[in-house]
Amino acid sequence: MTTLIAIPARYASTRYPGKPLVSLTGPDGAKTLIRRSWEAAMAVRGADRVVVATDDDRIADHATSFGAEVVMTSSDARNGTERCAEVAAKLPGFDIIVNLQGDAPLTPPWFVEDLIAGLKADPAAQIATPVLRCDGQALASLLADRKVGRVGGTTAVFDTNRHGLYFSKEVIPFTSSAYAPDAPTPVFHHVGVYAYRPAALAAYPAWPLGTLEQLEGLEQLRFLENGHPVLCVEVQAHGRQFWELNNPSDVAIIERMLALQP
């Protein structure tokens, strides 16, 4: 089965304009967010092609400068899934299309590899996404964001078949327990990566924008609202920390995590 990884990137982010071109400093020096996200995608084993999908010439020119293949998409795309649907239409013939969000440079390659394997193993699944069990430290970070009104990471709850029940920018499920920094918790951090089969991805843009998707600002809820289950594939951190760049304050967090990567 052939796999395409598309990295959607837009300049006009509501919360953080110009986010893909923000510089992140790690042990290997300063690199932009989009470059680090592309490097994360290039490290995935089994991917047949990796492209940056954007409607912005500034992002396209920069991505081309460090060797990325760019697919220009329209400015009408309302989220990364719609942008990936445009890419799939322009580059047909792949069995699986992976949407690796352009704001997740810390995504370990095995997250994506396990995601692809999970979708391949479930012929009935049309879309899959990774979830990572939070330890006490990660849960505390999510709760701290919500306490001050910041939109941080997304959490997921799912049934016994690993089909998503809901995704939220609130911290769900509620728990009143206290957890040690390295203790497992019942909260799962949704990792912003998706793997789609072509038919589901092609159908997605024609579905109406749902109420829950609009309220939460989460593109995967459109699948749930239209009766299409989302397979949640649990992945393991193996000592790596994961965080997405959602707000300017996340730059320092990600740079600290880059410094700790082996």
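Bear in mind the structure is a predicted one, so any value in this text is a computation, not a measurement.

J.: Could you give an account of the overall build of the protein chain, with specific residues and numbers?
T.: Tallying secondary structure elements over the protein chain gives 9 helices and 12 strands in all. What you see for the protein chain is a C-alpha radius of gyration of 17 Å, in line with the 18 Å of a compact globule of 262 residues. Over its C-alpha atoms, taken along the principal directions, the protein chain stretches across nearly 50 × 45 × 35 Å. Counting across all 262 residues of the protein chain, residues that qualify as buried make up 52%. For the protein chain, restricting intrachain contacts to residue pairs at least 6 apart in sequence, the fraction spanning at least 24 positions comes to 69%. Counting every atom, the protein chain has about 11300 Å² of accessible surface; 54% of that belongs to carbon and sulfur. For the protein chain, the separation between the mean place of its 23 positive charges and that of its 29 negative charges on side chains is 2 Å.

J.: If you had to explain unusual backbone geometry to someone new, which residues and values would you point to?
T.: Along the chain, I172 connects to P173 via a cis peptide bond; the corresponding omega equals -5°. The residue P173 is located in the loop between β9 (164-168) and β10 (184-190) in this model. Backbone geometry places H238, a non-glycine residue, at a positive phi of 50°. Considering the arrangement of structural elements, one finds H238 in the loop between β12 (231-235) and α9 (250-260). Exposure remark for H238: the relative accessible area of 62% places this residue in the exposed category.

J.: How would you explain the packing of aromatic side chains if you had to name every residue and give the values?
T.: Taken as a whole and assessed by the stated rule, the structure comprises 8 aromatic pairs. When the centroid spacing of 5.0 Å and the interplanar angle of 65° are considered together, the rings of F158 and F188 count as edge-to-face. Placement of F158 in strand β8 (residues 154-158) and of F188 in strand β10 is noted, with a sequence separation of 30 residues between them. Residue classification places F158 among the buried positions, given a relative accessible area of 19%. Considering the side-chain rings of Y194 and Y196, the 6.1 Å spacing of their centres and the 20° angle between planes classify their relative orientation as stacked. Residue Y194 is classed as buried on the basis of its relative accessible area of 3%. For Y196, a relative accessible area of 0% puts it in the buried group.

J.: If you had to explain the pattern of salt bridges to someone new, which residues and values would you point to?
T.: Enumeration according to the criterion identifies 14 salt bridges in this entry. Across the salt bridge formed by R78 and E82, the nearest N and O atoms sit 2.8 Å from each other. Of the residues examined, R78 reaches a relative accessible area of 45% and is grouped as partly exposed. With a closest N to O distance of 2.8 Å, E213 and R222 form a salt bridge. Assigned by exposure class, E213 and R222 land together as buried. Here the residues in one salt-bridge network are D28, K31, R35, R36 and E39, joined through shared partners.

J.: I'd love a proper account of the nonpolar core, names of residues and values included.
T.: If you look at the biggest cluster of nonpolar residues, it comprises 48 residues, and the most contacted ones within it are I5, I7, V52, V98 and V112. Looking at this core element by element, the count peaks at 5 residues for helix α4 (residues 109-121). Setting aside residues no more than four positions away along its own chain, V98 makes contact with T3, L4, I5, A6, V112, I116, V193, Y194 and A195. Residues V87, V131, A200 and V230 belong to the second largest nonpolar core, which totals 29 residues.

J.: I'd like to hear about α4, residue by residue, with values.
T.: With 13 residues, α4 ought to run about 18 Å at 1.5 Å a step, and its terminal C-alpha atoms sit 18 Å apart, in line with that. Of the positions making up α4, those classed as buried are F111, V112, E113, L115, I116, G118 and L119. The secondary structure elements touched by the buried residues of α4 are β1 (3-9), β6 (96-100), β7 (127-135), β11 (193-196) and β12.

J.: Describe the pairing of β7, and please don't skip the residues or the numbers.
T.: In terms of burial, β7 is a largely internal element, 7 of the 9 residues being buried. Bridging between β7 and β11 involves 2 bridges; their strand directions are antiparallel. If you follow I127 over to β11, its bridge partner there is Y196. Pairing analysis gives 5 bridges linking β7 to β12, with the strands arranged parallel. For V131, the partnering residue across the bridge sits in β12 and is E234. Relative to β10, β7 is paired through 4 bridges, and the arrangement is antiparallel. The partner of R133 across the bridge, within β10, is F188.

The rules behind these values
- Residues numbered from 1 in each chain as written.
- Predicted model: local features only at pLDDT ≥ 70, side-chain atom pairs only at ≥ 80, totals over all residues.
- Heavy atoms only, no water.
- Helix = DSSP H or I, 4+ residues; strand = E, 2+ residues; numbered from the N terminus.
- Rg over C-alpha atoms; globule rule 2.2 N^0.38 Å.
- Buried < 20%, exposed > 50% of the residue type's maximum accessible area, 1.4 Å probe, protein only.
- Contact = heavy atoms within 4.5 Å.
- Areas by Shrake-Rupley, 256 points an atom, 1.4 Å probe, with all protein chains shown as cover.
- Lys, Arg positive; Asp, Glu negative; His and termini not counted.
- Charge placed at Lys NZ, Arg CZ, Asp CG, Glu CD.
- Phe/Tyr/Trp six-rings, centres within 6.5 Å; stacked < 30°, edge-to-face > 60°.
- Salt bridge = Lys/Arg side-chain N within 4 Å of Asp/Glu carboxyl O.
- Core = buried A, V, L, I, M, F, W, Y, C linked by side-chain atoms within 4.5 Å.
- Expected span 1.5 Å × (residues − 1).
- Pairing = 2+ DSSP bridges.

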